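Now for the letters of each chain:
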Amino acid sequence: MLISNDKTNKVLAIDYREKAPAAAYKDMFLDKNKNVDKSLSRFSHQSAGVPGTVAGLALALEKFGTISLQAALAPAIKLAENGFVITPRFFNGVKSKEKNLKRFPASAKIFFKKDGSPYKVGELFIQKDLANTLKRISKYGAREFYTGQTAKYIVEDMKANNGLITMDDLKSYKASIREPVHGTYRSYDIYSMSPPSSGGAHIVQILNIMENFDIKESGHNSAQTIHIMAESMRRAYADRAEYLGDSDFVKVPLKGITSKAYAKELSKSITNKASVSTEIKAGNAPGYESNETTHFSIADKFGNVVSNTYTINFSYGSGIIVNKAGFLLNNEMDDFSAKPGVENAYGLIGGEANKIEPNKRMLSSMSPTIVKKDGKNFLVTGSPGGSRIITTTLQVISNVIDHNLNIQAAVNAPRMHHQWFPDEIRIEEGFSKDTIKLLEDKGHKVVQKQAMGAIQSIMIKDGKFYGAADPRRSTSSALGY
Ligand code: DON
């Protein structure tokens, strides 16, 4: 989460990323033949990191909030207790995960009726156990989740299912306030998430590389612009795999990766033709420093803005509801590199910097971002979408800054993505045939895939807020109170 206030001009990041349990170890997801067991890393009690969301949101509320914990939780308690009306998106989501959710009795009990059929569109979805969990947090405070009855439920569930999370892991979990990553793009200030997310580092890096080209002149979503963006992304994702990990554990050369000079160096290797990912290695990012999936964007009349991305990784996370506690466990452990060179669920590869270690935070792509113009909050933005979060967010920034699109047009515009490997430009529907042909002539492989990201943005201009929800997700909306 990023928080900024116009008056103080200070931007802070709250890191509430999950952590590996103390008993986690490097090869925990390898089978006896040393292959990654994807079912174990994605859909088991071991796939869950020590949860951070409750601590993070409570820290934000305590330090910067204006209402009580009880008032903040009341609407959620009501929705859990009395139910919400099931939408087509929710119905389809549960249907698509039916097999996995039914593997776990507590999940089956909540998501399906007694006869095993799913709740239908228009019916109420009621979650009594979750309501009770939220009531306990409301009554005893956020630490209840980490030390009280809820923690006991989590640990019981772990013990019964080969899970690793212990009472000590929960007790010692803390959210922390960090400095966000800062860069500039054509006279705008860009603030975004610092490690353990790779989001901010690579949004700034890709924009820095793009700054060496006349993107405005090349035109929005033209073959030339897509080519430059793809080549910049390819180089950034190669660095991501090599250098990025939890900065409490590994030295991340953040200054080097986000420096203008390094971006200039990288931009010199971009020619008019597509490069080949097998020939692109992580760059020589200078300046190692000493140690050191839902998005919402909010602005208020006091000059505060908040940009927040949070996730349990996949939709429905690991698919495991904690028995009696009524909430789903994340499967963020799959965001670690289970084995060097082997892809995670988003096709991302990594190595040493992002190997599993006890108490370490797994690398993320989450990129809550605040763009400032002349010291004032200008854009509040961010997106879900796994590896596509970084590229989705930076395209909306470029659409506004380079192409002068209004915020809704910037969000709606078809998007592209490159992540080094697989060596291809992914595009959404909506690019012209001749653009694709021109890219193929340069040597790119272009593949059309499903919609990418769901970016939720606010543009602040002349004292007015312009909210833009992403039409790619039917449950997105822009609201003013
Ligand atoms: O932290 C990350 O990068 C991923 N766990 C985010 C997952 C995500 O965005 C899924 N949403 N569509």
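You'll find the structure just up there.
Report follows, based on the coordinates. (Residues numbered from 1 in each chain as written. Predicted model: local features only at pLDDT ≥ 70, side-chain atom pairs only at ≥ 80, totals over all residues. Heavy atoms only, no water.)

1. Quick look at the overall build of the protein chain
And step 1. Counting secondary structure elements, the protein chain contains 18 helices and 16 strands.
And step 2. Taking 23 Å as the expected radius of gyration for a compact globule of 481 residues, we find that the protein chain reaches 22 Å, a close match to that expectation.
And step 3. Evaluated residue by residue, the protein chain yields a buried proportion of 58% over its 481 residues.
And step 4. Of the roughly 20,600 Å² that the protein chain leaves accessible, carbon and sulfur atoms contribute 54%.
And step 5. Of the side chains in the protein chain, 64 bear a positive and 49 a negative charge, and the two mean positions are spaced by 4 Å. (Helix = DSSP H or I, 4+ residues; strand = E, 2+ residues; numbered from the N terminus. Rg over C-alpha atoms; globule rule 2.2 N^0.38 Å. Buried < 20%, exposed > 50% of the residue type's maximum accessible area, 1.4 Å probe, protein only. Areas by Shrake-Rupley, 256 points an atom, 1.4 Å probe, with all protein chains shown as cover. Lys, Arg positive; Asp, Glu negative; His and termini not counted. Charge placed at Lys NZ, Arg CZ, Asp CG, Glu CD.)

2. Topic: the pattern of salt bridges
And step 1. In the structure shown here, the tally under the stated rule is 30 salt bridges.
And step 2. In this structure, the salt-bridge partner of Glu98 is Lys95, at a minimum N-O distance of 3.3 Å.
And step 3. Bridged by salt links that share partners, the residues Asp15, Arg178, Asp248 and Arg361 form one connected network. (Salt bridge = Lys/Arg side-chain N within 4 Å of Asp/Glu carboxyl O.)

3. Focus on the nonpolar core
And step 1. Grouped together as the largest cluster of nonpolar side chains are 65 residues, with contacts concentrated most on Ile190, Leu207, Met210, Val371 and Met416.
And step 2. By residue number, the principal contributor to this core is helix 13 (residues 223–243), which donates eleven residues.
And step 3. Once residues lying within four places of it in the same chain are set aside, the contact partners of Leu207 are Tyr185, Ile190, Leu394 and Ile397.
And step 4. Membership of the second largest hydrophobic core comes to 34 residues, among which are Ala55, Leu73, Tyr153 and Leu170. (Core = buried A, V, L, I, M, F, W, Y, C linked by side-chain atoms within 4.5 Å. Contact = heavy atoms within 4.5 Å.)

4. Here's the deal with the side chain of Lys372
And step 1. By the secondary structure assignment, Lys372 is in strand 10 (residues 369–373).
And step 2. Of the buried charged residues, Lys372 lacks a salt bridge, with Asp6 as the closest side chain of opposite charge at 4.2 Å.
And step 3. Look past the residues within four positions of Lys372 in its chain and what remains in contact with it is Ser4, Asn5, Asp6, Asn9, Val11, Tyr188, Asp189, Tyr191, Asn377 and Phe378.

5. Here's the deal with the site of the ligand
And step 1. Contacts to the ligand come from 15 residues, most closely from Thr293, Asn313, Asp335, Ser364 and Ser365.
And step 2. Taking Thr293, its side chain carries an N or O atom lying 3.1 Å from an oxygen atom of the ligand.
And step 3. At a separation of 2.7 Å, an oxygen atom of the ligand approaches a polar side-chain atom of Ser364.
And step 4. Against a free-state accessible area of 340 Å², the protein chains account for coverage of 91% of the ligand.
And step 5. When the residues that make up the shell around the ligand are grouped by side-chain class, the tally is four nonpolar, seven polar and four charged. (Near = heavy atom within 4 Å. Polar contact = N/O pair within 3.5 Å; in protein donor to acceptor, adjacent residues only side chain to side chain. Nonpolar A, V, L, I, M, F, W, Y, C, P; charged D, E, K, R; others polar.)

6. What to know about the sheet that holds strand 1 (residues 2–5)
To summarise the sheet geometry, strands pair through backbone hydrogen bonds and adopt either a parallel or an antiparallel arrangement.
And step 1. Taken together, the five strands give an open sheet; going across it, the order is 5-2-1-9-8, and neighbouring strands pair in antiparallel fashion. Pairing within the sheet leaves two strands with one partner each, and these edge strands are strand 5 (176–178) and strand 8 (294–299). Neighbour to neighbour, the strand axes of the sheet diverge by 15° on average, direction disregarded.
And step 2. Where strand 1 lies against strand 9 (residues 304–310), four bridges are found, and the strand directions are antiparallel. Counted as the bridge partner of Ser4 is Val305 from strand 9. (Pairing = 2+ DSSP bridges. Axes fitted to C-alpha atoms, helices over the stretch in contact; angles between N-to-C directions.)

7. Overview of the environment of Ala80
And step 1. Structurally, Ala80 can be placed in helix 3 (residues 69–82).
And step 2. For the pair formed by Ala80 and Ile126, sequence separation is 46 residues and the distance between their alpha carbons is 5.6 Å.
And step 3. Look past the residues within four positions of Ala80 in its chain and what remains in contact with it is Ile126, Gln127, Lys128, Leu130 and Ala131.

8. Concerning the packing of aromatic side chains
And step 1. Counting across every chain of the model gives 14 aromatic pairs.
And step 2. With a centroid separation of 5.4 Å and 90° between ring planes, the pair formed by Phe84 and Phe90 is classed as edge-to-face.
And step 3. On the accessibility criterion, Phe84 (27% relative accessible area) is partly exposed.
And step 4. Under the relative-accessibility criterion, Phe90 is labelled buried at 17%.
And step 5. On the numbers, 5.7 Å between centres and 55° between planes, the contact of Phe84 with Phe125 is tilted. Taken together, the positions of Phe84 in strand 3 (residues 84–85) and Phe125 in strand 4 (residues 124–125) put the pair 41 residues apart, joining distant regions of the chain.
And step 6. Here Phe125 falls in the buried class, since its relative accessible area comes to 2%.
And step 7. Feature note: the residues Phe84, Phe90, Phe111, Tyr119, Phe125 and Tyr316 constitute an aromatic cluster, connected by ring pairs.
And step 8. Over the ring of Phe112 we find Lys102; its NZ or CZ atom is 4.5 Å from the centre of that ring. (Phe/Tyr/Trp six-rings, centres within 6.5 Å; stacked < 30°, edge-to-face > 60°. Lys NZ or Arg CZ within 6 Å of the ring centre and 35° of its normal.)

9. What about the sheet that holds strand 15 (residues 457–461)?
And step 1. Taken in spatial order, the six strands line up as 6-7-10-11-15-16 in an open sheet, and their pairing is antiparallel. With one partner strand each, in any of the chains shown, strand 6 (181–185) and strand 16 (464–468) form the two edges of the open sheet. Along the sheet, successive strands turn relative to each other by an average axial angle of 25°, direction set aside.
And step 2. Relative to strand 16, strand 15 runs antiparallel, the two sharing five bridges. From the neighbouring strand, Lys461 faces strand 16, where its bridge partner is Lys464.
And step 3. Helix 11 (residues 199–210) contacts strand 6, strand 7 (188–192) and strand 10 of the sheet and is inclined by roughly 20° relative to strand 6.

10. Remarks on the pairing of strand 9
And step 1. Among the seven residues of strand 9, five are classified as buried, and the element is accordingly described as predominantly covered.
And step 2. In the sheet, strand 8 pairs with strand 9 via six bridges, with the strands oriented antiparallel. The residue bridging Ala299 from the neighbouring strand is Val305, located in strand 9.

11. Quick look at the side chain of Asn221
And step 1. As for its placement among the helices and strands, Asn221 is situated in the loop between helix 12 (215–218) and helix 13.
And step 2. Here Pro414 takes part through its backbone oxygen, which lies 2.8 Å from a polar atom of the side chain of Asn221.
And step 3. Contacts of Asn221, omitting those with residues within four sequence positions, involve Ile226, Pro414, Phe431 and Thr435.

12. Observations concerning the environment of Ser275
And step 1. The residue Ser275 is located in the loop between helix 15 (260–268) and strand 8 in this model.
And step 2. Given the relative accessible area of 18%, Ser275 is considered buried.
And step 3. Each C-alpha atom of the pair Ser275 and Leu164 lies 43 Å from the other, and the pair is 111 residues apart in sequence.
And step 4. In this view, Ser275 contacts Glu231, Arg234, Arg235, Ile280 and Asp423; residues no more than four positions away in its chain are not counted.
And step 5. A polar side-chain atom of Ser275 sits 2.2 Å from a polar atom in the side chain of Glu231.

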